Each structure stands twice: as structure tokens, then as C-alpha cells.
Amino acid sequence: MSGDLPVTVVVPVKDEERNLPRCLAALDRFTAVVVVDSGSTDRTVEIAKAHGAKVLDFAWNGRFPKKRNWVLTNHPPETEWVLFLDADEVVDAAFCDALAARLGPEEHAGYWLTYRNYFLGRELRHGLAQRKLALFRVGAGLYERIDEQGWSKLDMEVHEHPVIEGTTGEFAEKIDHRDYRGLARFLDRHRDYAAWEANRILLLAAQPERKRDLTARQAFKYRHIEKWWYPWFYFLYAYLAKQGFRDGAAGFHYAFYKAWYFASIRLLVQEMREGRVSAAPAAAAVAEPEAG
């Protein structure tokens, strides 16, 4: 890899032989591509090497750091910029052209990226847009430090965002986000996310100083997520206010499952606070009985 874009693309993976070829095939304009693998048992590593990517092996011990922070601190990119992509995300020529035009003279330390999402085989053109701060200058910051202790098997930062020193901009050009592993995988993943989020809510209650690093969207979510109305608020906002209904059945089901996800988080937090299930050790100190 030795393209015209002074960017290292980092792709964290585990058993991604189905998605990875599309992702890597679109990265020929980038200076370097690094695939960080968590013990894949399929052809993921073989595919990465065949595309000329550098492969790093990562074994997580259940604590800080996870994959992205581990790469930034132990294998810092030699380029000026780093872009984190998931294996099911694909850049196109328009996105690469925008990078080439803006990375040189721009003063921003990072960029929020938007994504073209698909659900049940259909592109979601409406609803609440997915945004991530996934492109930033090397050395400008790290992902949030969350001192979890084996909350889940999620070895990559998912809901954590980079805490960047400097201003941030935004790219209008979208990245294609299309996972080919179906609804069952979506539900399994969000079940794991919900358990992780519940433990984080308890940890934030114990360490309120960590709230200063939250984005505006995160701050709103964590301020209200334990309230009974929050899942319904999300559904109505995404499906009606943001016109998710224009995506037909896929738009309805996506908004419905996301509302189910937020309701699951609330109920898990209630169980932990009332002692009906165990919270993770780092969060257990605040898992006290509380009115529903």
C-alpha cells in the first residue's frame, strides 16, 4: 500500500472472511493498511495478507486497552492520519477524493464520518444517521478510557469515542456499511452491547467525572436512558421525526429493534441496581436498590 492519501487504515477483525475482501479491495489509495486480528479461525488473516495488509495479532485480557487504543499506543501509525474502519465498511472514490482535497490544508484534528446503512437487505436512507469520529491525526488523542473488568467479550471499542485535542470537522461523503451476516447476528451483537452499556451506566454513576468526555449525543442518552419513555422517544424520533417510515418495513423494524435495545439496557440496569443479577466488579459499588 503506497497510495496518495497520507492515512493509515486500521481494520479490527475477528472471523470476517465474508466482509473483509470488499473492505480491503477499496483501500489502494491509502498509504498503509493494518488489520488487527483477534484469533480468527476462518480465512480472515489469509485474506488480509493477500491484499497486502499488515496483520497484527491482538489478545485481550478483559481490561483496558481494547483493540483501537492498543494499536494507537503500541503500534502508532507512521502517517499523519489514521482511519478506523470495520470490516463491513467500504469507502468509495467520492470519499477518497474528499480526503485528498481536505486533509492537507485543514486545521481540524479529527473528522466525524457518516455511513450508508442497510438493514434486512435494504438501504436505510432516512431515520437517525450513524456518525462516528473515526478519522483523526495520529497523536491527537485516544479512545475513551473505560476501566471495565470483563463486562463482555467485546474486545474492540464500540460505543467509546476518541477524545481529541483540537477541533473536529465532518465529511458529507458517506461510507458504505453493509453487514452480510443477517438478523440473528444483529440481535446477538445488540444483546452484548446492552449488557456492556448497563455496566457502563453504573460505572458513570460511580465516576461522574468521566461524563466530561461524553459527546452531546452520549450525554443525552446516559442522562435519560433509565427513564421509561426513552425507548419510545427514540422510536418516535427516528421513525417519525427523522422519517424512518420512508424506508418501508426495514425502517420500521430497524427503529423497533433499536427501541428494544434501549429498553433492554434500562431493564438490565434495574436488575443490577436491585441486586437480582450481578454487576461487573467495577460497577457493583453503585448497584443498590432503587425505585423503578
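One can find the structure itself at the top, above this paragraph.
Now for a quick tour of the structure. (Residues numbered from 1 in each chain as written. Predicted model: local features only at pLDDT ≥ 70, side-chain atom pairs only at ≥ 80, totals over all residues. Heavy atoms only, no water.)

### Some details on the pairing of strand β8 (residues 131–137)
Part 1 of the argument: By the criterion of burial, β8 is predominantly enclosed, with six of the seven residues buried.
Part 2 of the argument: Bridging between strand β4 (residues 81–84) and β8 involves three bridges; their strand directions are antiparallel. Each bridged residue has a counterpart across the sheet, and for Val-82 the counterpart in β8 is Phe-136.
Part 3 of the argument: As defined by bridge partners, strand β6 (residues 110–119) adjoins β8 across five bridges and the pair is classed as antiparallel. (Buried < 20%, exposed > 50% of the residue type's maximum accessible area, 1.4 Å probe, protein only. Helix = DSSP H or I, 4+ residues; strand = E, 2+ residues; numbered from the N terminus. Pairing = 2+ DSSP bridges.)

### Description of the nonpolar core
Part 1 of the argument: Formed by 34 residues in total, the largest nonpolar core has its most connected members in Val-11, Phe-30, Leu-83, Leu-85, Val-91, Leu-113 and Leu-135.
Part 2 of the argument: Elements with a contribution of two residues or more to this core: β1 (5–13), α1 (20–25), β2 (30–37), α2 (44–50), β4, α4 (93–102), β6 and β8.
Part 3 of the argument: Broken down by element, the residue count for this core peaks at five residues, all from β1.
Part 4 of the argument: Contact partners of Val-11, with chain neighbours within four places excluded, come to Leu-20, Cys-23, Leu-24, Val-34, Val-35, Val-36, Leu-85, Asp-86 and Ala-87.
Part 5 of the argument: Counting residues in hydrophobic clusters, the runner-up holds 22 residues, among them Leu-154, Tyr-193, Ile-201 and Ile-225. (Core = buried A, V, L, I, M, F, W, Y, C linked by side-chain atoms within 4.5 Å. Contact = heavy atoms within 4.5 Å.)

### Remarks on the packing of aromatic side chains
Part 1 of the argument: Applying the stated rule across the entire model yields 29 aromatic pairs.
Part 2 of the argument: Aromatic pair Phe-95 and Phe-171: ring centres 5.7 Å apart, planes at 45 degrees, arrangement tilted. With Phe-95 in helix α4 and Phe-171 in the loop between β11 (168–170) and β12 (175–177), this residue pair connects regions lying 76 residues apart in the sequence. Judged on exposure class, the residue Phe-95 and its partner Phe-171 are both buried. (Phe/Tyr/Trp six-rings, centres within 6.5 Å; stacked < 30°, edge-to-face > 60°.)

### Some remarks on the pattern of salt bridges
Part 1 of the argument: Scanning the model with the defined rule gives 26 salt bridges in all.
Part 2 of the argument: A salt bridge links Asp-4 to Arg-29, with the nearest nitrogen and oxygen atoms 3.1 Å apart. One end of the pair, Asp-4, is in the segment before β1; the other, Arg-29, is in the loop between α1 and β2, with 25 residues separating them in the sequence.
Part 3 of the argument: The partner of Arg-43 in a salt bridge is Glu-46, with the nearest N and O atoms 3.4 Å apart.
Part 4 of the argument: One salt-bridge network, held together by shared partners, links Arg-22, Arg-116, Glu-123, Arg-125, Asp-176 and Arg-178. (Salt bridge = Lys/Arg side-chain N within 4 Å of Asp/Glu carboxyl O.)

Limitation: the analysis is restricted to geometry and does not speak to function.
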